[in-house]
Amino acid sequence: MKSDVSSSRNHYGPVVDRLLSIYERLFAEFGAQHWWPGETPFEVSVGAILTQNTSWDNVSKAISNMKAKGILDPIVLYTLPYEMIADAIRPAGYFNIKTKRLKAFVSFLVERFNADLDDMFSIGLDKLRPLLLDIKGIGPETADSILLYAGGLPTFVVDAYTCRALLRHGLVDEDAVYDDIRALFMDHLPADVSFFNEYHALWVALGKQYCKKNAPRCEACPLKDI
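Residues numbered from 1 in each chain as written. Predicted model: local features only at pLDDT ≥ 70, side-chain atom pairs only at ≥ 80, totals over all residues. Heavy atoms only, no water.

### Overview of the environment of Val-16
Phase 1 of the analysis: The topology assignment puts Val-16 in helix 1 (residues 14-30).
Phase 2 of the analysis: Look at Val-16 and you get buried, because its relative accessible area is 4%.
Phase 3 of the analysis: The spatial distance from the C-alpha of Val-16 to the C-alpha of Leu-189 is 6.6 Å, given a sequence separation of 173 residues.
Phase 4 of the analysis: For Val-16, the contacting residues outside a window of four places in its chain are His-188 and Leu-189. (Helix = DSSP H or I, 4+ residues; strand = E, 2+ residues; numbered from the N terminus. Buried < 20%, exposed > 50% of the residue type's maximum accessible area, 1.4 Å probe, protein only. Contact = heavy atoms within 4.5 Å.)

Written out as structure tokens, the structure is:
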């Protein structure tokens, strides 16, 4: 999406101007990313947990297994034995650890909100984010992914691709932690769900195609002169 935020850029300072210029350059290069894939908010939430330390292709296989077995449901997962969940999500890797994390999340959802995601998200970003972070195995990136992509709440997701690109372009320091980087976007840009969604996805596209960990393609990078 071409963000309406850029139309009022003169009202902001140099940091915002640069962030918006980067967004526009990335959007021109990659176009809309249509992220996050998932048919329901619960599927998106499960995907956010399963994608830790693995590729999306592996997550997709695990979710397909869960659908085929009829277990992609909070109540079912809440009551299902660990072994059956672990077998279904095996393609996502670290399946024993991720089973425990899924169980912790659905236990929270069922016991606090009667398995109702709409009810959970209705308490809002400021109240829900710390609650999610209190769930064992749910870190800030996973929590923000659930909040933004499943809940439609305006939080910015930070991942390794984003960190690497921001560091190389001098927008964050080497010692910046997750919340420092998240604050760069939360404090300088309007809290717009669609904008945050697209911007994060564009950082991922940049990281995969140009700003690679090893052998980055700096000379061809769409941000090389920005």
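### Things to note about the nonpolar core
Phase 1 of the analysis: The biggest cluster of nonpolar side chains holds 71 residues, and the ones touching the most others in it are Leu-50, Met-66, Phe-105, Leu-132, Tyr-199, Trp-203 and Leu-206.
Phase 2 of the analysis: Counting residues per element, this core draws most heavily on helix 1, at eight residues.
Phase 3 of the analysis: Not counting residues up to four positions away in its chain, the partners in contact with Trp-203 are Ile-22, Leu-26, Phe-156, Tyr-161, Thr-162, Ala-165, Leu-166, Phe-185 and Leu-223. (Core = buried A, V, L, I, M, F, W, Y, C linked by side-chain atoms within 4.5 Å.)

### Considering the side chain of His-200
Phase 1 of the analysis: Positionally, His-200 belongs in helix 12 (residues 193-209).
Phase 2 of the analysis: A distance of 2.9 Å separates a polar atom in the side chain of His-200 from a polar atom in the side chain of Asp-159.
Phase 3 of the analysis: Not counting chain neighbours up to four residues away, the residues in contact with His-200 comprise Tyr-149, Phe-156, Val-157, Asp-159 and Thr-162. (Polar contact = N/O pair within 3.5 Å; in protein donor to acceptor, adjacent residues only side chain to side chain.)

### Quick notes on the confidence of the model for the protein chain
A low pLDDT means the predicted coordinates there should not be read in detail.
Phase 1 of the analysis: Summing up the model confidence of the protein chain, the mean pLDDT is 94 and the portion of residues at 70 or higher is 95%.
Phase 2 of the analysis: In this model, residues 7-11 is a region of pLDDT below 50 whose contacts with residues beyond four sequence positions or in other chains number four contacts. (pLDDT = per-residue confidence, 0-100.)

### Points about the pattern of salt bridges
Phase 1 of the analysis: Going through the model one piece at a time under the given rule, you end up with seven salt bridges.
Phase 2 of the analysis: A salt bridge links Arg-25 to Asp-225; the nearest nitrogen and oxygen atoms lie 2.7 Å apart. Of this pair, Arg-25 sits in helix 1 while Asp-225 sits in the segment after helix 12; the two residues are 200 residues apart in sequence, bridging distant segments of the chain.
Phase 3 of the analysis: With relative accessibility at 31%, the residue Arg-25 sits in the partly exposed group.
Phase 4 of the analysis: The exposure class assigned to Asp-225 is exposed, which follows from its relative accessible area of 59%.
Phase 5 of the analysis: Salt-bridge contacts for Arg-182 lead to Asp-144; the nearest nitrogen and oxygen are separated by 3.5 Å. Of this pair, Arg-182 sits in helix 11 (residues 178-186) while Asp-144 sits in helix 9 (residues 140-150); the two residues are 38 residues apart in sequence, bridging distant segments of the chain.
Phase 6 of the analysis: Classification of Arg-182 by relative accessible area gives buried; the value is 14%.
Phase 7 of the analysis: Looking at Asp-144, the relative accessible area reads 0%, which means it is buried.
Phase 8 of the analysis: Taken together, the salt bridges that share partners define one network made up of Arg-129, Asp-144, Asp-179 and Arg-182. (Salt bridge = Lys/Arg side-chain N within 4 Å of Asp/Glu carboxyl O.)

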